[in-house]
Amino acid sequence: MADLVARGNQRTAEALERAGLDDPRPALRNLLRDLKAADPEAFAEATRRYQDALVPSLADDTEDPAAAWLEYGFWLAQRTSPGEAVEIDSTGRARPAGK
């Protein structure tokens, strides 16, 4: 597991740098803290998803690490906050994410 995490961290850093994106992990850690306090069962599921799905996808050369983190972040956000995910285009208009 440690090798997969290290590979995933390397690929994440490279992908974020290429895309000029901020690292989402600090914000996701805050969501995880909130989730742990509010819903321990959902926190346990978040931990399983991280270990069983996210880490392997981050280490896989065929997956986009930025997209994998975004998907995980959407999942976390849905469990911690009401609302829906949106995409903002270059004109500032919003639409449902993934549409």
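These lines cover the structure that appears in this document, whether it is placed above or below. (Residues numbered from 1 in each chain as written. Predicted model: local features only at pLDDT ≥ 70, side-chain atom pairs only at ≥ 80, totals over all residues. Heavy atoms only, no water.)

### Notes on the packing of helix 2 (residues 25-38) against helix 3 (residues 40-59)
Right, so step 1: The interhelical angle for the contact between helix 2 and helix 3, taken along N-to-C directions, is 140°, at an axis separation of 6 Å. Considering the angle they form, helix 2 stands oblique to helix 3. Between helix 2, through Leu32, Leu35, Lys36 and Ala38, and helix 3, the contact on the second element is made entirely by Pro40, Ala42, Phe43 and Ala46.
Right, so step 2: For the contact of helix 2 with helix 3, the residue count by class is seven nonpolar, no polar and one charged. (Axes fitted to C-alpha atoms, helices over the stretch in contact; angles between N-to-C directions. Helix = DSSP H or I, 4+ residues; strand = E, 2+ residues; numbered from the N terminus. Parallel < 35°, antiparallel > 145°, perpendicular 65-115°, else oblique. Contact = heavy atoms within 4.5 Å. Nonpolar A, V, L, I, M, F, W, Y, C, P; charged D, E, K, R; others polar.)

### Brief notes about the layout of surface pockets
One way to see where empty space is left: roll a probe the size of a water molecule over the atoms.
Right, so step 1: Of the volumes computed, that of the largest pocket is approximately 240 Å³.
Right, so step 2: In terms of lining residues, the largest pocket is bounded by Leu16, Leu21, Asp22, Pro24, Ala27, Leu28, Ala66, Trp69, Leu70, Gly73 and Phe74.
Right, so step 3: Counting residues per element, the ones that place at least two in the lining of the largest pocket are helix 2 and helix 4 (65-80).
Right, so step 4: In terms of residue count, helix 4 provides more of the lining of the largest pocket than any other element does, five residues in total.
Right, so step 5: Here the residues of the lining of the largest pocket sort into nine nonpolar, one polar and one charged.
Right, so step 6: Estimated volume of the second largest pocket: approximately 200 Å³.
Right, so step 7: Arg25, Arg29, Leu32, Tyr50 and Trp69 are, among the 16 residues lining the second largest pocket, the residues nearest its centre.
Right, so step 8: Within the residue set of the lining of the second largest pocket, elements represented by two or more residues are helix 1 (2-19), helix 2, helix 3 and helix 4.
Right, so step 9: Residue contributions to the lining of the second largest pocket peak at six residues, all from helix 3.
Right, so step 10: Counted by class, the lining of the second largest pocket contains 11 nonpolar, three polar and two charged residues. (1 Å grid on protein atoms, 1.4 Å probe; cavity = no way out; pocket = protein on both sides within 12 Å on 5 of 7 lines; lining within 4 Å. Points joined across faces, edges and corners; volume = space filled by probe spheres on them.)

Spatial relationships are all this shows, so hold off on functional conclusions.
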